[in-house]
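Below are the chains, spelled out letter by letter.
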Amino acid sequence: ILVNIIFENGINEFNGHELAAWSNEKGIDFQEQWMGPTIEYPLNYSKLKSLENLYSIFADKEFIGVIQQVRIYEDNIHIGRFIINPSKTGMGYGKESLKEFINYCFKNAVIKSISLTVFGYNKSAKALYEKLGFKIVETINKPDLKYIMKKYR
């Protein structure tokens, strides 16, 4: 896939409504899978714009999704809330976006690792993360099976 992936800090209202529509159409379980349990369903623009360090993802100027630097702790960035437009999945956009975001995060010389959390049942996401060099560093069994995965510089 030959596209130019660009990140923009924040999300504008038009793209926020579009993202909420993609997510809400798929239902509460889908939202929890990519957003975690702390943001109540249904999703809307005001919930999205309240998220710090949320980045809009563009492929050749087309809005295709978001990703968030959830927490920065010492030399680690924990990323999450990663979603690509469901009509674009399976086309390489997710892999390309994540690869570029990893490069973006590692431009900060202080950052030595990037971590993320993935549900055990989200096999395609877990496979993508492994392809990009993430390794399981912790397994959590309550209330659902989750893995904390980490990639080092």
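Values in this document were obtained by computation on a predicted structure and should not be read as measured data. (Residues numbered from 1 in each chain as written. Predicted model: local features only at pLDDT ≥ 70, side-chain atom pairs only at ≥ 80, totals over all residues. Heavy atoms only, no water.)

Visitor: Would you take a moment to explain the side chain of Gln69 for this structure?
Guide: As for its position among the elements, Gln69 is in strand E3 (residues 62-73). Discounting chain neighbours no more than four positions away, the residues touching Gln69 are Glu52, Asn53, Tyr55, Ile77, His78, Ile79, Phe101, Tyr104 and Cys105. (Helix = DSSP H or I, 4+ residues; strand = E, 2+ residues; numbered from the N terminus. Contact = heavy atoms within 4.5 Å.)

Visitor: Sorry, what's going on with the packing of aromatic side chains here?
Guide: The description of two aromatic rings rests on the distance between their centres and on the angle between their planes. Tallied over the entire structure, the rule returns 9 aromatic pairs. Centroid distance Tyr55 to Phe101: 5.4 Å. Interplanar angle 65°. Geometry classified as edge-to-face. Residue Tyr55 is located in strand E2 (residues 54-59), and its partner Phe101 is located in helix H4 (residues 93-106); the two are separated by 46 residues in the primary sequence. As far as the burial class goes, Tyr55 and Phe101 line up, both buried. (Phe/Tyr/Trp six-rings, centres within 6.5 Å; stacked < 30°, edge-to-face > 60°. Buried < 20%, exposed > 50% of the residue type's maximum accessible area, 1.4 Å probe, protein only.)

Visitor: Please explain the packing of H4 against helix H5 (residues 123-131) as it appears in this structure.
Guide: When two helices pack together, their arrangement is given by the angle between the helix axes and by the axis-to-axis distance. Relative to each other, H4 and H5 sit at 45°, their axes nearing to 10 Å. In terms of orientation, H4 and H5 fall into the oblique class. The crossing of H4 and H5 is right-handed. Residues Gly94, Lys95 and Leu98 of H4 pack against Leu128, Tyr129 and Lys131 of H5. Here the residues of the contact of H4 with H5 are counted per class, giving 3 nonpolar, 1 polar and 2 charged. (Axes fitted to C-alpha atoms, helices over the stretch in contact; angles between N-to-C directions. Parallel < 35°, antiparallel > 145°, perpendicular 65-115°, else oblique. Left-handed = near helix turned anticlockwise from the far one by under 90°. Nonpolar A, V, L, I, M, F, W, Y, C, P; charged D, E, K, R; others polar.)

Visitor: What is the right way to look at the sheet that holds E2 in this model?
Guide: Ordered in space as E1-E2-E3-E4-E5-E7-E6, the 7 strands form an open sheet in which the pairing is mixed. The open sheet has two edge strands, strand E1 (5-9) and strand E6 (135-140), and neither has a second partner. Adjacent strand axes in the sheet meet at a mean angle of 30° when their direction is disregarded. Bridging between strand E4 (residues 76-84) and strand E5 (residues 113-119) involves 3 bridges; their strand directions are parallel. Bridged to Ile77 within E5 is Ile114. The sheet strands contacting helix H2 (residues 28-35) are E3, E4 and E5, and the helix crosses E4 at an angle near 150°. (Pairing = 2+ DSSP bridges.)

Visitor: Could you clarify how one ought to interpret the environment of Val137 in this entry?
Guide: The topology assignment puts Val137 in strand E6. Filtering out sequence-adjacent residues up to four positions away, Val137 remains in contact with Ile148, Met149 and Lys150.

Visitor: Is there a simple way to explain the environment of Phe30 in this structure?
Guide: By the element assignment, Phe30 lies in helix H2. As a C-alpha pair, Phe30 and Val70 span 40 residues in sequence and 19 Å in three-dimensional space. In contact with Phe30, not counting residues within four places along its chain, are Ser23, Ile83 and Pro86.

Visitor: What is the right way to look at the packing of helix H1 (residues 13-26) against H2 in this model?
Guide: With their axes 5 Å apart at the nearest point, H1 and H2 run at an angle of 125° to one another. Relative to H2, the element H1 lies oblique. Packed against H1, whose contacting residues are Leu19, Ser23, Asn24 and Lys26, the element H2 presents Phe30, Gln31 and Trp34 at the interface. Grouping the amino acids of the contact of H1 with H2 by side-chain chemistry returns 3 nonpolar, 3 polar and 1 charged.

As far as function goes, none of this settles anything; it's purely spatial.
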